[in-house]
Amino acid sequence: MKDVYTLADLRNWSGDDAAVRLGVFGDPVEHSLSPKMQNAALEKSGIAARYAAFHIHPEELAEALRLLPARNCIGANLTLPHKVAAAGMVDELETFAAEVGAVNTIRVEGDKLIGFNTDGPGFARAIRHEFWVDLRDLRVLVFGAGGGVGQGIARQCAREGCERLVLVNRDRDKAKQLAEALQPFFKEARVLGPVARLETVERTEAALRFQLANTDLVVNATPLGMKRSDPPVLAESLIAPHLMIYDTIYAPPRTALLKSAVEAGARTANGLSMLLHQGALAFEIWFDRDAPLDAMRAAL
Ligand code: NAP
């Protein structure tokens, strides 16, 4: 099996490649941890199929997807920048993928491609496993709520009926649009004190200080923290010990945000668990059986 396949490989599929029946399409894709994780799951489950990385450019995506049934593939994952485009290229979308407008998992059924989104549900499972709480019991603040990952997380929080949801985004209009779309989930009143159940705020110290006093879980869904030179997404002085801080970034494993949070006595987790659980849910969609979580986690 090659380290990375291309569209040309898919077009000229040879007998040597027949074992590859699953893969991740991305641009770039070389860094993806999904092949290691999913091949560990396939081996542990005794399934005679392999999962590979495919470097597919945006203009190649439609053809690459249409080749999946012809190559006897079971399905595929999509990563940047293909998730939104793929939603318009599959034959059917499951409900959550349709709501988010993005697909990260495809199941091949005959000649048809069915699109799913396991990022939001994977996040919910990650929070349950990391902090032993359900989203419905939490007041959540999301940084980067207008981005692909942030939107999926915010929609999942809304669907699960979280107590309150605060959306923060550099481009505030995007956060406002999302808040409008999520309004129906927050109609029911809850006993919460002098705060709205759903709002958008600026990333200013004064606004955040007030919001964080009424928040349980803070999520970073921006790329801030991937580089050492990045400014902190949240000033250390604002992090209180009652908070749970989830950074969707997993490389580096401990961002400046997570370091500050540990020092402040808050509970923390990085995005590796979200990666794990979205992958486990994809495995369940393809094979209709539980994913071997321990083997997948060990491979990461
Ligand atoms: P995206 O669609 O490009 O969204 C990026 C978000 O971050 C947007 O809300 C954007 O705000 C905001 N942002 C970008 N640069 C910023 C800055 N300098 N200051 C403030 N906000 C900024 O990206 P994505 O696909 O959602 O990915 C976001 C993060 O999720 C990535 O960094 C990645 O580490 C993480 N991720 C984790 C997993 C996992 O499984 N754990 C999977 C995929 C991605 P605007 O809307 O204003 O541009």
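Residues numbered from 1 in each chain as written. Predicted model: local features only at pLDDT ≥ 70, side-chain atom pairs only at ≥ 80, totals over all residues. Heavy atoms only, no water.

Trainee: Explain the sheet that holds strand S5 (residues 92-93) to me, and be specific about the residues and the numbers.
Mentor: Spatial strand order, S1-S3-S2-S4-S6-S7-S5: seven strands in an open sheet with mixed pairing. Among the strands making up the open sheet, the edge pair consists of strand S1 (4-6) and S5. Judged from the six bridges that link them, strand S2 (residues 20-26) and strand S3 (residues 50-55) form a sheet pairing that is parallel. In the sheet register, Val-24 faces S3, and the bridge partner there is Ala-53. Helix H2 (residues 34-44) rests against S2, S3 and strand S4 (75-78) of the sheet, and its axis sits at about 160° to S3. (Pairing = 2+ DSSP bridges. Helix = DSSP H or I, 4+ residues; strand = E, 2+ residues; numbered from the N terminus. Contact = heavy atoms within 4.5 Å. Axes fitted to C-alpha atoms, helices over the stretch in contact; angles between N-to-C directions.)

Trainee: A description of the packing of helix H6 (residues 119-131) against helix H7 (residues 148-159) should follow, citing residues and the corresponding values.
Mentor: Two elements in contact, H6 and H7, have axes whose closest approach is 8 Å; the angle formed by their N-to-C orientations is 65°. On the basis of the axis angle, H6 is roughly perpendicular to H7. Relative to H7, the crossing made by H6 is right-handed. Contacts between H6 and H7 involve Gly-120, Pro-121, Phe-123 and Ala-124 on the former and, on the latter, Gly-152, Ile-153, Gln-156 and Cys-157. Across the contact of H6 with H7, the residue classes tally to five nonpolar, three polar and no charged. (Parallel < 35°, antiparallel > 145°, perpendicular 65-115°, else oblique. Left-handed = near helix turned anticlockwise from the far one by under 90°. Nonpolar A, V, L, I, M, F, W, Y, C, P; charged D, E, K, R; others polar.)

Trainee: Can you break down the packing of H7 against helix H8 (residues 172-182) residue by residue, with the values?
Mentor: At their nearest, the axes of H7 and H8 sit 11 Å apart, and the two run at 25° to each other. Regarding the angle of H7 to H8, the classification is roughly parallel. In this structure, H7 meets H8 at a crossing whose hand is right-handed. Facing Gln-151, Ala-154, Arg-155 and Ala-158 of H7, the residues of H8 in contact are Leu-178, Ala-181 and Leu-182. Taken together, the residues of the contact of H7 with H8 break down into five nonpolar, one polar and one charged.

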